[in-house]
Amino acid sequence: MTEKKQKDTKKASSQSKPCMSNQDRGKAVLDDEEESEDPPTEQIRCLTLHSQNSPKLGESFSWKRYRLWKQDRYHRSARLERQLKSLEDRIDKQLKRFQAQYSRAKNPTRPKDVAELLMPKSSPPLELATLSWLGDWRPSSILGLFSSLIRSSPTLASSLSHAGATQKAISQLIHDLRIEEAVIDEEMMEIQANCILRIPFAIANEKPNGSTLDQVNSELKKVHRLIVKAQNFRTNALETVVKKILCQSDAAEFLVAFDGIQETVHQFSKDYKMRKGPVTVPLISGSEIVGVDSGYSLCKFL
Amino acid sequence: MIRSLSRKKPTGRRRFRDYYAIWIDTLKTIHLPILRHHMSCATSTSSPNLLSAHVEILHHHFKSYYHNLDLAASTDVSQILIPVDHRNAMELPFLWLGDLHPYLFTNLLRSYLLQHDDSFSLQEPENEDEEYDYQEQQEQEIEEEDEDEIEVGESCEFLKKQWPLMNAWKIQSRKLTTRIDQIERGLRLMVPALMNRARRAQAGFVQKVGSGEVSPAAAAAEMEEEMVGIVMDANRLRKDVISEIVSVTTVYQAALFLEGLAQFLVGIRDGKLLQEFKSCKSTLN
């Protein structure tokens, strides 16, 4: 039995020999393509390699055609290389644009600019409500978007060499970023919960406004520091995805999707704002309704 | 202003921005001065009952605001979460889910208790004022700021009896502290839960849009619904904490608490201060 098997395999291997040689030829061509970026002096070696295997046609004709083909190939690969370089440049440019947006707080910021950094007027409220945290994307959401893109886009997933491991690493990153976000939230909450004690409005009438303003500004300074922190996390999250995890073409795909979602959300939020107009309440407000419960006790006193 | 409140427009609705401006103005020009009058009135015309009534009125004013905030949130929650229309640049950074942070209320209350603890042990006021009839004093209310001007008290016992407002934070302070502890414990559970809900709603939105499950508009509609719930729960929390504080404190404590709260809301919208704030050229970094 075992001998028979061995024979069979021998047969199979001998049958597959021509295939192997074909593959070898293909490999040679592949190697050749990889070398295409090398200077044309290499041509001669490649030529001899190929001429051996090429069908016997007029030698000069084949030589000419091959030279043309080789030149064409060289130009094409050079163009591809330029395109790759320009893609890289474009990715860098786009990334820089985001970095600039995320580092606005590092520019000289006046006290009144803090509100604008937190809730930029250029973004409609719905856009900010759905996406923003301290003025722009949540860092964990950037990675969250990436993670959901991998799951939905097979091309992006397959291009990642270790999709499973990457997915795991991203989950860990999201987890870590959420902790950082929670720390900032905690600090922000401390400011919001104690502003009433730190800003002495109660004595604003007696003291010159200067001191009250100083207190306001000192609180806003703390808020500003948190905004800068948040922006750093945001920039790092985006850089991690674009520069560290993804290859060039996938990074481009991600940036297109990232920008696309922002644009879509911005657009429909704008439409929404136009449609809704400023928020209103009924003129005969609920105060009368609320008044019922306290009204009774009020009657007793008055 | 009351007239403008009762005047009915044919549309039946008004901009929340206008509502809030009127609400603040009513607080500033009517409720706060009346409350202060009853707190500081040296003549015996005012009684604890009257003060209590005004505390109730002011409390009601706050309740009606939160009721309207809920109504506005159910109309368009995004404009309540991002209240750039009705809040100024000085207020915005200090807001949490569209309004004051619930911790702010308990912190304000705690500050009165602490303040009193310090001032009580450090400086024992002396009574040099003899024109007061002790019987009258039992009923009168003194504004907290007057503490320095009117020097009173031969002993702690005397103060407890005679100066209910001034001594407001010593009375029942242990019972009150226990209750604040309870409220704070509750808040420490509920506030992070609300923050988590808000974060999860945002993460869910990005996930749905990113994976192409639903259109961004549909995802936003879903998220809006969740956000309305979050804002309403936050409002309920704020409203409940205020109500709880008013109910567990004495009338004098409640009066001081509401006065402090109202003064903060009015102060942060002060026109002159806001003007200075807007023209402030110094940078924060």
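Residues numbered from 1 in each chain as written. Chains lettered and ligands numbered in written order. Predicted model: local features only at pLDDT ≥ 70, side-chain atom pairs only at ≥ 80, totals over all residues. Heavy atoms only, no water.

Chain B goes by DOG1 domain-containing protein in an unreviewed UniProt entry, where it is assigned to Lactuca sativa.

Per an unreviewed UniProt entry, chain A carries the name DOG1 domain-containing protein and comes from Lactuca sativa.

Engineer: Help me understand the overall build of chain B, please; the structure alone is not making it clear to me.
Structural biologist: When helices and strands are counted, chain B shows eleven helices and one strand. For chain B, the α and β elements follow one another from N to C terminus as α-β-α-α-α-α-α-α-α-α-α-α. Relative to its 285 residues, chain B shows a buried fraction of 54%. Intrachain contacts of chain B at a sequence separation of at least 6 include 77% that bridge at least 24 residues. If you sum the accessible surface of chain B, you get close to 12500 Å²; carbon and sulfur atoms cover 51% of it. (Helix = DSSP H or I, 4+ residues; strand = E, 2+ residues; numbered from the N terminus. Buried < 20%, exposed > 50% of the residue type's maximum accessible area, 1.4 Å probe, protein only. Contact = heavy atoms within 4.5 Å. Areas by Shrake-Rupley, 256 points an atom, 1.4 Å probe, with all protein chains shown as cover.)

Engineer: Hey, could you run me through the interface of chain B and chain A in this one?
Structural biologist: Often, the extent of an interface is quoted as the loss of accessible area upon association of its parts. Counting residues at the interface gives 80 residues for chain B and 81 residues for chain A. Between chain B and chain A, roughly 7200 Å² of surface is buried when both sides are summed, and carbon and sulfur atoms account for 70% of that area. Connecting chain B to chain A are zero salt bridges. If one sorts the elements of the side of chain B that touches chain A by residue count, helix α3 (residues 48–75) of chain B sits on top with 13 residues. The residue makeup of the side of chain B that touches chain A, split by class, is 39 nonpolar, 23 polar and 18 charged. The pairing of strand β3 (residues 280–282) of chain A with strand β1 (residues 13–15) of chain B spans three bridges and is classified as antiparallel. (Buried area = accessible area lost by both parts, 1.4 Å probe. Salt bridge = Lys/Arg side-chain N within 4 Å of Asp/Glu carboxyl O. Nonpolar A, V, L, I, M, F, W, Y, C, P; charged D, E, K, R; others polar. Pairing = 2+ DSSP bridges.)

Engineer: Teacher, can you tell me more about the packing of aromatic side chains here?
Structural biologist: How two aromatic rings sit relative to each other is given by the distance of their centres and the angle of their planes. Counting across every chain of the model gives twelve aromatic pairs over all chains. On the numbers, 5.8 Å between centres and 10° between planes, the contact of Phe254 of chain A with Phe258 of chain A is stacked. With Phe254 of chain A and Phe258 of chain A both in helix α11 (residues 248–276) and four residues apart, the pair spans about one turn of that helix. There is no split in this pair, since Phe254 of chain A and Phe258 of chain A are both buried. Arranged with centres 5.8 Å apart and planes meeting at 15°, the rings of Tyr20 of chain B and Trp23 of chain B form a pair that is stacked. Within this pair, Tyr20 of chain B and its partner Trp23 of chain B are both found in helix α2 (residues 16–40), separated by three residues, close to a single helical turn. Grouping residues by exposure puts Tyr20 of chain B and Trp23 of chain B together as buried. Here the aromatic residues Phe98, Tyr102, Trp137, Phe146, Phe254 and Phe258 of chain A are joined through ring pairs into a cluster of three or more. Its end group placed over the ring of Tyr102 of chain A, Arg234 of chain A keeps NZ or CZ at 5.7 Å from the ring centre. (Phe/Tyr/Trp six-rings, centres within 6.5 Å; stacked < 30°, edge-to-face > 60°. Lys NZ or Arg CZ within 6 Å of the ring centre and 35° of its normal.)

Engineer: Is there a simple way to explain α2 of chain B in this structure?
Structural biologist: Side chains three or four residues apart in an α-helix point the same way, a direct result of the helix having 3.6 residues per turn. The terminal C-alpha atoms of α2 of chain B, which comprises 25 residues, lie 34 Å apart, in line with the 36 Å expected from a rise of 1.5 Å per residue. The largest bend along α2 of chain B measures about 40° and falls at Leu27 of chain B. (Expected span 1.5 Å × (residues − 1). Bend = angle between axes of the 7 residues up to and from the residue.)

Engineer: What is the right way to look at the UniProt feature "coiled-coil region" (unreviewed entry) in chain A in this model?
Structural biologist: Per the UniProt record, "coiled-coil region" (unreviewed entry) is annotated on residues 70–97 of chain A. Counting secondary structure, residues 70–97 of chain A comes out at 100% helix and 0% strand; the distance between its end C-alpha atoms is 40 Å. (UniProt positions renumbered as here; feature names shortened; annotations may be inferred.)

Engineer: Teacher, can you tell me more about the pattern of salt bridges here?
Structural biologist: Two side chains carrying opposite charge are able to pair once their charged atoms lie near each other. All names here are of chain B. Under the defined criterion, the tally for this structure stands at 24 salt bridges over all chains. Linking Arg87 and Glu91 is a salt bridge whose minimum nitrogen-to-oxygen distance equals 2.9 Å. Here Arg87 matches Glu91 in class, with each residue buried. The salt bridge involving Glu226 is made with Arg197; its shortest N-O contact spans 3.2 Å. Residue Glu226 is found in helix α9 (residues 216–248), and its partner Arg197 is found in helix α8 (residues 173–211); the two are separated by 29 residues along the sequence. Judged by relative accessible area, which is 30%, Glu226 ranks as partly exposed. Judged by relative accessible area, Arg197 falls into the partly exposed class, the value being 24%.

Engineer: Explanation requested: the nonpolar core in the structure shown.
Structural biologist: Looking at soluble globular proteins, one finds that nonpolar side chains tend to be buried together. Counting residues in hydrophobic clusters, the biggest one holds 138 residues, and the most contacted among them are Phe254 of chain A together with Phe105, Phe205 and Leu261 of chain B. Looking at this core, the element that brings in the most residues is α9 of chain B, giving 13 residues. The residues contacting Phe105 of chain B, other than those within four sequence positions of it, are Tyr66, Leu100, Arg238, Val241, Ile242, Ile245, Phe257 and Leu261 of chain B. (Core = buried A, V, L, I, M, F, W, Y, C linked by side-chain atoms within 4.5 Å.)

Engineer: Help me understand the side chain of Ser147 of chain A, please; the structure alone is not making it clear to me.
Structural biologist: By the element assignment, Ser147 of chain A lies in helix α7 (residues 139–152). Once residues lying within four places of it in the same chain are set aside, the contact partners of Ser147 of chain A are Gln167, Ile170 and Ile174 of chain A.

Engineer: Quick question: what am I supposed to make of the packing of α8 of chain B against α9 of chain B here?
Structural biologist: Two quantities define a packed helix pair, namely the angle between the axes and the distance from one axis to the other. All names here are of chain B. Interhelical geometry of α8 versus α9 gives an angle of 175° and a closest axis separation of 10 Å. Considering the angle they form, α8 stands roughly antiparallel to α9. Residue classes in the contact of α8 with α9 are distributed as 20 nonpolar, two polar and seven charged. (Axes fitted to C-alpha atoms, helices over the stretch in contact; angles between N-to-C directions. Parallel < 35°, antiparallel > 145°, perpendicular 65-115°, else oblique.)

Engineer: It is not clear to me how the packing of α9 of chain B against helix α10 (residues 251–267) of chain B should be interpreted in this structure. Could you clarify?
Structural biologist: Residue and element names in this part refer to chain B. Running from amino to carboxyl end, α9 crosses α10 at an angle of 150°, the nearest separation of the two axes being 8 Å. Between α9 and α10, the contacting residues are Ile242, Ile245 and Val246 on the first element and Ala254, Phe257, Leu258 and Leu261 on the second. Here the contact of α9 with α10 is composed, by residue class, of seven nonpolar, no polar and no charged.

Engineer: Is there a simple way to explain the confidence of the model for chain B in this structure?
Structural biologist: Should the pLDDT be low somewhere, the predicted coordinates at that spot are not to be read in detail. Residue and element names in this part refer to chain B. Averaged over every residue, the pLDDT of chain B is 81; residues scoring 70 or more account for 75%. The lowest-confidence element of chain B is helix α6 (residues 134–137), averaging 42 in pLDDT; the highest-confidence one is helix α4 (residues 77–81), averaging 97. Every residue in residues 1–10 is under pLDDT 50, and counting partners more than four places away or in other chains gives 13 contacts. Every residue in residues 157–162 scores below 50 in pLDDT, and together they form 18 contacts with partners more than four places removed in sequence or on other chains. Both scores are given for the predicted complex: the pTM is 0.76, the ipTM 0.80. (pLDDT = per-residue confidence, 0-100.)

Engineer: Looking at this structure, how should I read the environment of Leu104 of chain B?
Structural biologist: All names here are of chain B. Summarising the element assignment, Leu104 is placed in helix α5 (residues 102–122). Its relative accessible area of 0% is what places Leu104 among the buried residues. With 137 residues separating them along the chain, Leu104 and Val241 place their C-alpha atoms 9.9 Å apart.

Engineer: Even after reading the chapter, I still don't get the confidence of the model for chain A, so can you show me in this structure?
Structural biologist: Residue and element names in this part refer to chain A. Scored by pLDDT, chain A comes out at a mean of 77, with 68% of its residues at no less than 70. Mean pLDDT values for the elements of chain A range from 37 in helix α12 (residues 287–301) up to 96 in helix α5 (residues 113–118). When the criterion is pLDDT under 50, residues 1–52 qualifies, and its contacts beyond four places in sequence or with other chains add up to 21 contacts. Of the regions scoring below 50 in pLDDT, residues 286–302 engages in 25 contacts with residues more than four places distant in sequence or in other chains.

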